Protein chains: 2
Amino acid sequence: MANKNNLLLLFEHPNEPVFLSKGKKPTVFDVPDSFLTDRYRPISNEVQTRAGENVEQRIPVREISVPDLRIPMSLGRNENFSLFIPRHRRIAGRLIDIFMNMRSVEDLQSVAVYARDRVNPVLFNYALSVALLHRPDTQNLDLPAFSQMFPERFVDSQVFRQLREESFVVSSGSRMPIVIPRDYTASDLDPEHRLWYFREDMGINLHHWHWHLVYPFEAADRSIVAKDRRGELFYYMHEQIIARYNMERFSNNLARVQPFNNLRDPITEGYFPKMDSLVASRAWPPRFDNTRLGDLNREADQINLEIGDLERWRDRILEAIHQKFVVNETGQRIELDEATGIDTLGNMIEASILSPNSSFYGDLHNNGHIFISYAHDINSKHLESFGVMGDSSTAMRDPVFYRWHAYIDRIFQEHKSRLSAYTEPQLNYSGISITGIQVATNGGQPNVLSTFWQQSDLNLSRGLDFVPRGNVFARFTHLQHLPFTYTINVQNDSGAMRFGYVRIFIAPKNDERGQPMQLREQRLMMVELDKFAAQLNPGPNTLRRRSTESSVTIPFERTFRNLDANRPADNTPEGLEFNFCGCGWPQNMLIPKGLPEGLPCDLFIMVSNYENDRIDQQLTGRCSDAASYCGVKDRLYPDRRSMGYPFDRVPRTGAERLANFLTPNMSIVDVTIRHENRTVQRQN
Amino acid sequence: MANKNNLLLLFEHPNEPVFLSKGKKPTVFDVPDSFLTDRYRPISNEVQTRAGENVEQRIPVREISVPDLRIPMSLGRNENFSLFIPRHRRIAGRLIDIFMNMRSVEDLQSVAVYARDRVNPVLFNYALSVALLHRPDTQNLDLPAFSQMFPERFVDSQVFRQLREESFVVSSGSRMPIVIPRDYTASDLDPEHRLWYFREDMGINLHHWHWHLVYPFEAADRSIVAKDRRGELFYYMHEQIIARYNMERFSNNLARVQPFNNLRDPITEGYFPKMDSLVASRAWPPRFDNTRLGDLNREADQINLEIGDLERWRDRILEAIHQKFVVNETGQRIELDEATGIDTLGNMIEASILSPNSSFYGDLHNNGHIFISYAHDINSKHLESFGVMGDSSTAMRDPVFYRWHAYIDRIFQEHKSRLSAYTEPQLNYSGISITGIQVATNGGQPNVLSTFWQQSDLNLSRGLDFVPRGNVFARFTHLQHLPFTYTINVQNDSGAMRFGYVRIFIAPKNDERGQPMQLREQRLMMVELDKFAAQLNPGPNTLRRRSTESSVTIPFERTFRNLDANRPADNTPEGLEFNFCGCGWPQNMLIPKGLPEGLPCDLFIMVSNYENDRIDQQLTGRCSDAASYCGVKDRLYPDRRSMGYPFDRVPRTGAERLANFLTPNMSIVDVTIRHENRTVQRQN
């Protein structure tokens, strides 16, 4: 019987022919001659013998009658695969079906071996990943990290020449990490480049890729899409990205990001990704400064849309928001109410297949990505593929991602700003009051947070093709902060034990002019840091919470799926959920960079009534520790409140400033984020 | 004593460390530890031992005190080197000096080995090439072809992944050629793409690179620049490129190229080279459709110029032409006369260091290349290097090359059109008349030429880095034609033996509207096919000349410097001159493609009086067989007439059509060029 773990080896060295050796313990698949491609079939004996030298394990591959792969093979091996492109989604759906329908692991292995050298490598990775996650006989496999199989989507192209040199010249034991330069995509002449560490952070891009992997907007099986509050989560996760990005901009003396609201304006910000697609053997195309969008007419991609289409969709969406209802496909009204309006809008604007009327409200957000990603070659005249905005693993590198999503968020806020403000009774938790907050790093000054640079190593050997085997590391620089602890004093005067839901946010105190912010502005910059339930005994309580416990982040090791360290065993419930757990904001980016002289912030804490907020469900083993932005697999979103509560609506009259907004169960403290321009090496 | 031939091995695998094996007979340099770079010095024993396995030859490298390389090393290893950039020229000059000044071949070998892993690889190739050509003790070495050391400048980036796969997976004896796709840079939606086979022809690009290598516009040693009529040759060689390009455009139902005469207009034609620089590990940047030039302010490149500077230089050049004199640096007038005016203008417009007043007339042509090549990143904000227009080995791929040179040519024609027309007595050769012309392919219809596609293989193994050794071939498709023979009947009624200079041109009969051309237009499309001296006995003479003998072309083998076939031995005079001989229009592009239904052309032949035209000099062993566009090394241009004669001036009054222009020593014949869309494999 075939060992299902061997299937994971098929992800390695994605551009190499399948019969070359793989794995830590050198392993080859014994591929039937008839499975080889035309190039290798006539010399099967020679190439398979060469590949089999010095291997420790051979995996037999059964020769079966292979299903029709013409549709999956209709996407070229050298093309760039993107889920934003409907044709690519249909192709992927067909390949997933084929993998799902194989009767046994052994047959799945055969068809996967056969398909691997024939279909597009990124498509292969995606379809096999989805199948392994959903087949009952393979569900508990741990997929290798996307960043390790396709490192070229995350790393400067120049690093690969060096990795290849190191692998070719130096024997495995003597290899040194290759340092990825910090400043390779632009110069300081470009103010936008100050944000490189955020936009090009591997963890942030992996989070975004994971989010869209676990919340696909289309699938043959509707239940894969129809997750609890997924439309609202689309809104909230991206709203938080914009809030975080703006706080980073303030940390770099830049004003808030300008929404890209006029689709016919030139896009001021150019972006040159300086990355190669190893699959396509082409560079990711750049966008020059001041490039304009154009009507798309790309026959090969089956994309034929005008800018006018986007504008019409936007206008209809705004009309729905201002009328407070949408019209579904059968002409019925669906109210945009306080409870579900945002969820409906999320599905409609993204759009997912849950959109109530996609032929009328269109597909605004996805097509914004497509229009921007093809701005350099609107009609495929130059045979160019999409830019980084065309893929969820690369889009967040581009400054325009934030301009586009700031606009998408503005549309959502048109809805949110029309909801009634929360009243004091709605916000208050009778009998519960916060009497003190302190935030401190270990041994540091109270209420001062501290950021710096850190260098970490990542083994990229499994994503390299046609190089001698053995580990080879890239060393990259990322933002980091000293871990800190919240100490919260809560007075329970209710006379009984209570449960509170502790909600922690941070926002800059001042706007880009240095003026204290109005709450109606500041609420849009409120960054969620944590949310947790706490038991409140009668009288004074002191709650202590560590920054590493945050409900928005996952640990560094999990972001990078370091298979050698700190990971749960395959047969534990934690192991079962490991893939879903890849979704989560990277811990190293929990707080913004701050300024050398300190960025003055309001740290806000609210204790709401957990009895009203809680969802009764079993979360053990569900990897729910980054639920704020990612939800929990196969479970309800673990908070009954609107996402972003209490800042998702405009403040009530009289609460012009954050200080006036506070009810007794809330409190704020002045926190300063200080950045030190020093680099430390991560200890493994 | 060191063997100077070993120096040639230093050109191979330019991005690999110097101690790795090289050559057909596997060879390593035994590099002193102190010569290794910081990365390899601590593990010298390990890496040199590994590299030395299975080698057949070891070359000792003497440890010497190495000269100061700080200036050559100031250009980064990963940067793109270009002779168009003054800073790069200065850096190259310093390295050439260092190589020139080494006392012996052995010391040169030492410093070259030391420098190879420290300076930019393209800079190293250029500086060592120049030094080997000029040092008395290395002059007779044959440099390897640039296209084989840096194939990525000539070939689709996708081919390299395949070459790497073939080298890694398949043993040397079983490898198959990798086919370079014909249509990879654009689609047929782009009318300009019809010219791909011309713009992206390897031979044409190699010719252009060679031409600028043998006619540098700057050198510390002025005699290297001050070659006979080099300014005029700059004008003429490029004028012929435009004439040929326009004829190819007519062969593709396209109108003549529009000169890029308004520098502030957007450049309609975008270009996406789809090539990687393996040195820079970056793609060659594209230019989107409708990109505009901008003022350049690139500090790292020390380039700070306005579009206005180019316009002022152009206006001063035109003022000089219209006033018929230029003003040199000391304020003296230099007449722009019939004999030397064009040469002065050529040096002034290019500009070379021979320009009479470069601070006044500037550097128009070179800076056109620079402005265009940086249009995507005018101020280095995005840390981008130059596009293909920034290098002579890649510039001719880009449609804008022809628009720019059409404009440069228009400026030259402002001068030429002001010279007196040639009179009939000036043109005639008394007593000599042409009585008949026929052109025919072997066994073909008379006066019909035939073109088709051919596939040829090129070994790229020496330009690949970090792959197992052994030949690996790329198969590329290029235009080809059936060889043909001119049969020319010349009547000599002078009563004595005479010598004639036979000048053969071809031009389309009709313009882009299908109307017969006026000679004042048609003369600008006259493409030189051949020029040769012939003995004319009294009475009738029949001259036969094969197309392969053309004075503009070099054979296919020489274009590609196929080191294994048809090349002269090192110790023959032909061998001595082999490098210079790399300059020459590729034989496969001698005639334009034509049309399936036939492109109607005028084939023009003139027999002028060789006694008036000849230059008395020894040409044996001088590789003068492509002299029309390339001249002859260290010799005068072998024709006393103005280049392009008799079509370099506007026709005399009354000669509105070519037929009216003819004197008895001239004749024309209708020739049709037919293209068959079939592909044949080249026989080696």
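The model shown is predicted, which means the values in this text are computed figures rather than measured ones.

Enquirer: Could you give an account of the overall build of chain A, naming the residues involved and the relevant values?
Expert: Scanning chain A from N- to C-terminus turns up 23 helices and 20 strands. A globule of 684 residues ought to have a C-alpha radius of gyration of about 26 Å, and chain A, at 26 Å, matches this closely. Overall, the C-alpha framework of chain A stretches about 80 × 60 × 50 Å when taken along its three principal axes. When burial is assessed residue by residue, chain A has 65% of its 684 residues classed as buried. Put simply, of all contacts in chain A between residues at least 6 apart along the chain, 77% involve residues at least 24 apart. On chain A, roughly 24600 Å² of surface is accessible, and the fraction owed to carbon and sulfur atoms is 46%. Where the 79 positive side-chain charges of chain A centre and where its 85 negative ones centre are 1 Å apart.

Enquirer: Help me get a handle on the UniProt feature "domain: Tyrosinase copper-binding" (unreviewed entry) in chain A, residues and values and all.
Expert: Sites flagged by UniProt as "domain: Tyrosinase copper-binding" (unreviewed entry) map to residues 398–409 of chain A. Between the end C-alpha atoms of residues 398–409 of chain A the distance is 17 Å, and the span holds 92% helix and 0% strand.

Enquirer: Got a sec to walk through the sheet that holds strand 3 (residues 178–179) of chain B? Specific residues and values, please.
Expert: All names here are of chain B. The strand order across the open sheet built from seven strands is 3-12-11-20-19-14-15, with neighbouring strands paired in mixed fashion. Edge positions in the sheet fall to strand 3 and strand 15 (527–536), since each has one partner strand and no second. Here strand 11 (residues 448–459) pairs with strand 20 (residues 666–681) via seven bridges, running parallel. The residue of strand 20 that forms the bridge with Thr451 is His675.

Enquirer: Tell me about the confidence of the model for chain A, residues and numbers included.
Expert: Low-pLDDT stretches of the model should not have their predicted coordinates read in fine detail. All names here are of chain A. When pLDDT is averaged along chain A, the result is 92; 96% of the residues meet or exceed 70. Long-range and interchain partners of residues 563–579, a stretch whose pLDDT sits below 50, account for 32 contacts in this model, where long-range means more than four residues apart. Predicted as a complex, the structure gets a pTM of 0.93 and an ipTM equal to 0.91.

Enquirer: Outline the packing of helix 3 (residues 86–101) of chain A against helix 5 (residues 121–134) of chain A, listing residues and values.
Expert: Axis angle and axis distance: for two packed helices, these are the angle between their axes and the distance between the axes, and together they describe the pair. Residue and element names in this part refer to chain A. Where helix 3 contacts helix 5, the axes come no closer than 9 Å and their chain directions differ by 45 degrees. Classified by the angle their axes make, helix 3 and helix 5 are oblique. As for the relative orientation of helix 3 and helix 5, their crossing is right-handed in sense. Between helix 3 and helix 5, the contacting residues are Ile91, Ala92, Leu95, Ile96, Phe99 and Met100 on the first element and Leu123, Phe124, Tyr126, Ala127, Leu128, Val130, Ala131 and His134 on the second. For the contact of helix 3 with helix 5, a count of residues per class yields 13 nonpolar, one polar and no charged.

Enquirer: I'd like a rundown of the interface of chain A and chain B, residues and numbers included.
Expert: On the side of chain B, 59 residues touch chain A, which itself brings 59 residues to the contact. Summing both sides of the interface, chain A and chain B together bury roughly 5200 Å²; the carbon and sulfur share of this comes to 54%. The largest contributions to the chain A side of the interface with chain B come from A:Arg282, A:Phe288 and A:Phe466, which together make up 14% of the buried area. The interface formed by chain A and chain B contains eight salt bridges. Salt-bridge contacts for B:Glu384 lead to A:Lys274; the nearest nitrogen and oxygen are separated by 2.6 Å. At the surface where chain A touches chain B, the tally comes to 34 residue pairs in polar contact (both at pLDDT 80 or more). Elements with a contribution of two residues or more to the side of chain A that touches chain B: helix 1 (44–51), helix 7 (158–169) and strand 5 (282–283) of chain A.

Enquirer: How would you explain unusual backbone geometry if you had to name every residue and give the values?
Expert: Glycine aside, the phi torsion of most residues is negative, and most peptide linkages are trans. Residues and elements named next belong to chain A. With an omega of 5 degrees, the peptide bond running from Tyr645 to Pro646 counts as cis. Locating Pro646 in the fold gives a position in the loop between helix 22 (627–630) and helix 23 (658–661). One non-glycine residue, Arg229, lies in positive phi territory at about 55 degrees. Within the element layout of this structure, Arg229 appears in the loop between helix 10 (222–225) and helix 11 (230–250). Take Arg229: its relative accessible area is 17%, and that puts it in the buried class. Phi angles above zero are rare outside glycine, and Leu383 is one such case at about 55 degrees.

Enquirer: I'd like a rundown of the sheet that holds strand 10 (residues 432–441) of chain A, residues and numbers included.
Expert: Residue and element names in this part refer to chain A. Within the open sheet, the three strands sit side by side as 10-13-16. Their pairing is antiparallel. In this open sheet, the two edge strands, each paired with only one partner strand, are strand 10 and strand 16 (539–546). In this sheet, neighbouring strand axes are inclined to one another by 15 degrees on average, regardless of whether the strands run parallel or antiparallel. Bridge count between strand 13 (residues 484–492) and strand 16: eight bridges; the pairing is antiparallel. Each residue of the ladder has a partner; that of Ile488, found in strand 16, is Leu543.

Enquirer: Describe the relation of the copies chain A and chain B, with residues and values.
Expert: A rotation about an axis combined with a shift along that same axis relates the two copies of the chain. Overlaying chain A on chain B yields an RMSD of 0.0 Å, the required transformation being a rotation through 180 degrees with an accompanying axial translation of 0.0 Å. In symmetry terms, the pair is related by a two-fold rotation axis. Residues of chain A ranked by C-alpha distance from the rotation axis are headed by A:Ala283, positioned 2.9 Å from it.

Enquirer: Describe helix 16 (residues 399–416) of chain A, listing the residues and the values that go with them.
Expert: All names here are of chain A. Compared with the 26 Å implied by 1.5 Å per residue over 18 residues, the 26 Å span of helix 16 between its first and last C-alpha is a close match. By the criterion of burial, helix 16 is predominantly enclosed, with 16 of the 18 residues buried. Taking the backbone nitrogen of Val400 as reference, a side-chain oxygen 3.0 Å away marks Asp398 as the first, capping residue of helix 16.

Enquirer: Any details on the environment of B:Pro285? Residues and values, ideally.
Expert: Residue and element names in this part refer to chain B. In this structure, Pro285 sits in the loop between strand 5 (282–283) and strand 6 (296–298). Owing to a relative accessible area of 7%, Pro285 belongs among the buried residues under this scheme. Through-space distance from the C-alpha of Pro285 to that of Thr268 is 17 Å; in sequence the pair is 17 residues apart.

Enquirer: Quick one: what's the story with the environment of B:Phe473, residue by residue and with numbers?
Expert: All names here are of chain B. With respect to the element layout, Phe473 can be found in strand 12 (residues 473–481). Phe473 gets classed as partly exposed once you look at its relative accessible area, which sits at 32%. C-alpha separation for the pair Phe473 and Ser461, spaced 12 residues apart in sequence, amounts to 7.4 Å. The contact partners of Phe473, leaving out residues within four places of it in the chain, are Leu163, Met176, Pro177, Ile178, Asp457, Leu458 and Asn459.

Enquirer: Give a description of the side chain of B:Lys22 that names residues and reports values.
Expert: Residue and element names in this part refer to chain B. Tracing the backbone through its elements, the reader meets Lys22 in the segment before strand 1 (27–30). For the buried Lys22, which has no salt bridge, the nearest side chain bearing the opposite charge is Glu16, at an N-O separation of 5.2 Å. Reaching out from Lys22, the side chain makes a polar contact with the backbone oxygen of Leu20 at a distance of 2.7 Å. Here Lys22 is in contact with Leu9, Glu12, His13, Pro17, Thr27, Phe29 and Arg116, once residues within four sequence places are set aside.

Enquirer: Explain the state of the cysteines to me, and be specific about the residues and the numbers.
Expert: Residues and elements named next belong to chain B. According to the stated counting rule, one finds two disulfides over all chains in the structure shown. With a sulfur-sulfur separation of 2.1 Å, Cys583 is cross-linked through a disulfide to Cys630. Torsion about the S-S bond of the Cys583 and Cys630 cystine: about -75 degrees, corresponding to left-handed handedness. Of this pair, Cys583 sits in the loop between helix 21 (578–581) and strand 18 (585–586) while Cys630 sits in helix 23 (residues 627–630), and the two are 47 residues apart along the sequence. For the pair formed by Cys583 and Cys630, the shared burial category is buried.

Enquirer: Explain the packing of helix 11 of chain A against helix 13 (residues 341–350) of chain A to me, and be specific about the residues and the numbers.
Expert: Residues and elements named next belong to chain A. For the pair helix 11 and helix 13, interaxial distance at closest approach is 6 Å and the crossing angle is 75 degrees. Relative to helix 13, the element helix 11 lies roughly perpendicular. On helix 13, the residues touching Arg230, Gly231, Glu232, Phe234 and Tyr235 of helix 11 are Ile342, Asp343, Gly346, Asn347 and Glu350. The class makeup of the residues in the contact of helix 11 with helix 13 is three nonpolar, three polar and four charged.

Enquirer: Go over the environment of B:Gln258, please, and point to the residues and values.
Expert: In this fold, B:Gln258 is placed in the loop between helix 11 (230–250) and strand 4 (276–277). Separated by 148 residues in the primary sequence, B:Gln258 and B:Ala406 place their C-alpha atoms 7.2 Å from one another.

What counts, and where the lines are drawn
Residues numbered from 1 in each chain as written. Chains lettered and ligands numbered in written order. Predicted model: local features only at pLDDT ≥ 70, side-chain atom pairs only at ≥ 80, totals over all residues. Heavy atoms only, no water. Helix = DSSP H or I, 4+ residues; strand = E, 2+ residues; numbered from the N terminus. Rg over C-alpha atoms; globule rule 2.2 N^0.38 Å. Buried < 20%, exposed > 50% of the residue type's maximum accessible area, 1.4 Å probe, protein only. Contact = heavy atoms within 4.5 Å. Areas by Shrake-Rupley, 256 points an atom, 1.4 Å probe, with all protein chains shown as cover. Lys, Arg positive; Asp, Glu negative; His and termini not counted. Charge placed at Lys NZ, Arg CZ, Asp CG, Glu CD. UniProt positions renumbered as here; feature names shortened; annotations may be inferred. Pairing = 2+ DSSP bridges. pLDDT = per-residue confidence, 0-100. Axes fitted to C-alpha atoms, helices over the stretch in contact; angles between N-to-C directions. Parallel < 35°, antiparallel > 145°, perpendicular 65-115°, else oblique. Left-handed = near helix turned anticlockwise from the far one by under 90°. Nonpolar A, V, L, I, M, F, W, Y, C, P; charged D, E, K, R; others polar. Buried area = accessible area lost by both parts, 1.4 Å probe. Salt bridge = Lys/Arg side-chain N within 4 Å of Asp/Glu carboxyl O. Polar contact = N/O pair within 3.5 Å; in protein donor to acceptor, adjacent residues only side chain to side chain. Least-squares fit on C-alpha atoms with pLDDT ≥ 70 in both. Expected span 1.5 Å × (residues − 1). Disulfide = S-S within 2.5 Å.

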